[in-house]
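Structural features, examined
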Amino acid sequence: MIQLSYLDYVAVERKSFLHRLSPKLKIIGMVFVLLGIVTLRNLPGLIFLYATLLALFFMARIPIKIFSLTFYPLIFAILFIFISGFQAHFIFFIFFKVLCGSTGVILLLATTPYPSIFSVLGKVLPSSFVTALFLTYRSIFILLKIFEETQHALYLRGGFQWKHPWRSLINISNAFGHLIIKGIDASEKMYESMVLRGFKNKIFYREE
Amino acid sequence: MRLWEGNMSHIHLPDGVLPVWLWVSGFIVAILVEAILFRFIRKEELARRLPLLGMMGAAMVLGAAVEIVPIAYHVNLTVISGILLGPSLIFLATFVVNVILALFGHGGITVIGLNTLTLSIEGVLGYFLFRFLRRVMKRLTLATFLATFIALFFSTFAMLGVISLGTSHYEKLIHQKGEGIFEFHLAEGKHDDREGEAKESGVNLRRFIAIVLPLGFIGWVLEGAITALIARYIHRLRPDLLH
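The structure displayed is predicted, hence computed values, not measured ones.

1. Comments concerning the environment of valine 33 of chain A
Residues and elements named next belong to chain A.
- In this structure, valine 33 sits in helix H3 (residues 23-39).
- Exposure remark for valine 33: the relative accessible area of 10% places this residue in the buried category.
- Separated by 68 residues in sequence, valine 33 and glycine 101 place their C-alpha atoms 7.4 Å apart.
- Setting aside anything within four residues of it in sequence, one finds valine 33 in contact with Leu49, Leu53 and Cys100.

Here it is, written out as structure tokens:
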């Protein structure tokens, strides 16, 4: 999540063929990747899909730093393996499904600026839903800045300490409380600015 | 342990693991519930509160992304968001949060509908429990703790219910061997052994529940304590927000 702004920077600044491709086509491509993940029943098929996505990833010259993000969802797949009774075939099968999904999504986000993605989604999904999605995504950047400042202040003043777990828990909760109050204040200012710019239930994007 | 890094009521399943009928039903029910809840809120009211919804959604996403280091746990802040947003808006907020979380690998994209249903149980139930318990007990922190604990208890069981609905599908996935590039038929002739193995290797929901429930219990207590402390902090600085 911390790399969100970097991901957005890569999507805007890089100029590979995948960056220049229409966002609509890339979203359709992502739908096909998902379709493949859901319908493929054999390991070679999934490996082929993953290899294709990897090839696209490196052809789009996306920094290696971002590639590590594609492995993050494997953490959650581990819990599901306990259901299977540790079957090797099943474990590989699940892992490749996870890797195909995460690589596809990161590929889309690293090659398409988020307003373009929301602009395409706005044509097929209800406007209030897409507006909520856009505002939430936008708000993450605002809150992340506040949260990082609060986190630094707490670390510097010994806010988190192993030997004082209860005090640490209170400080963590206060940090979240602070984040929520600041978020509410920022949302009020955001609404005023939106009204000033003519907002009426829908946000219009640059391409519209 | 990294497994712990996650809230137990959120289905961290990848795409293609749950049966199609289950996740499609999840989407249909989530959309229907959303459509019904939208009838209870005026258009102007929705437009006015969308930035707040966005901020609370962002706080929930950040809560899920930030690991609390000494205890390696992440909060999801759904109950406090439910208390501040109300039952109609918290459903939309959890829908949006699940879309964003799915984009960053916290559960698959196809599981968004089911995740919205299980997670919004926390928000909606938490809101009503908080209102009721606060009126009965007159104590903010205890009412918030209990509302969060009970809401998480129900949403975790909803998540287990969803997982158990796909049991026959997981069995199919586990036993579809032989088509891969890796060979797993080394003990082809030993039929007796394979039968025993098949029993052992079947879907082990009990093992899964045995892992989830104790971790879940610790999670309910932690989330309950953190939510109660957040409510106390907000009450101290902006008491108007909790009325």
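Next comes the rest of the description.
2. Examining the nonpolar core
- In terms of nonpolar packing, the biggest core is built from 123 residues, with Leu84 and Ile234 of chain B touching the most fellow members.
- Once residues within four sequence positions are removed from consideration, leucine 84 of chain B is found in contact with Ile180 and Ile184 of chain A together with Arg49, Met56, Ile234, Leu241 and Leu242 of chain B.
- Ranked by size, the runner-up nonpolar core spans 14 residues in total, among them Val38 of chain A together with Leu22, Leu114 and Phe208 of chain B.

3. A look at the environment of asparagine 42 of chain A
- Tracing the backbone through its elements, the reader meets asparagine 42 of chain A in the loop between H3 and helix H4 (43-59).
- For the pair asparagine 42 of chain A and proline 73 of chain A, spaced 31 residues apart in sequence, the C-alpha separation works out to 21 Å.

4. Some details on the packing of aromatic side chains
- Evaluation of the coordinates by the stated rule reveals 24 aromatic pairs over all chains.
- On the numbers, 4.5 Å between centres and 55° between planes, the contact of tyrosine 114 of chain A with tyrosine 137 of chain A is tilted. In this pair, tyrosine 114 of chain A is assigned in helix H8 (residues 114-124) and tyrosine 137 of chain A in helix H9 (residues 127-156), connecting sequence segments 23 residues apart. In this pair, the class of tyrosine 114 of chain A matches that of tyrosine 137 of chain A, namely buried.
- Ring geometry for phenylalanine 118 of chain A and tyrosine 137 of chain A: centres 5.8 Å apart, planes at 65°, overall edge-to-face. One end of the pair, phenylalanine 118 of chain A, is in helix H8; the other, tyrosine 137 of chain A, is in helix H9, with 19 residues separating them in the sequence.
- Judged by its relative accessible area of 4%, tyrosine 137 of chain A falls in the buried class.
- Through pairs of rings, three or more aromatic residues link up here, namely Phe145, Phe149, Phe153, Phe154, Phe157, Phe217 and Trp220 of chain B.
- The ring of tyrosine 6 of chain A carries the charged tip of lysine 65 of chain A above its face, separated from the ring centre by 4.2 Å.

Cut-off values and rules
- Residues numbered from 1 in each chain as written.
- Chains lettered and ligands numbered in written order.
- Predicted model: local features only at pLDDT ≥ 70, side-chain atom pairs only at ≥ 80, totals over all residues.
- Heavy atoms only, no water.
- Helix = DSSP H or I, 4+ residues; strand = E, 2+ residues; numbered from the N terminus.
- Buried < 20%, exposed > 50% of the residue type's maximum accessible area, 1.4 Å probe, protein only.
- Contact = heavy atoms within 4.5 Å.
- Core = buried A, V, L, I, M, F, W, Y, C linked by side-chain atoms within 4.5 Å.
- Phe/Tyr/Trp six-rings, centres within 6.5 Å; stacked < 30°, edge-to-face > 60°.
- Lys NZ or Arg CZ within 6 Å of the ring centre and 35° of its normal.

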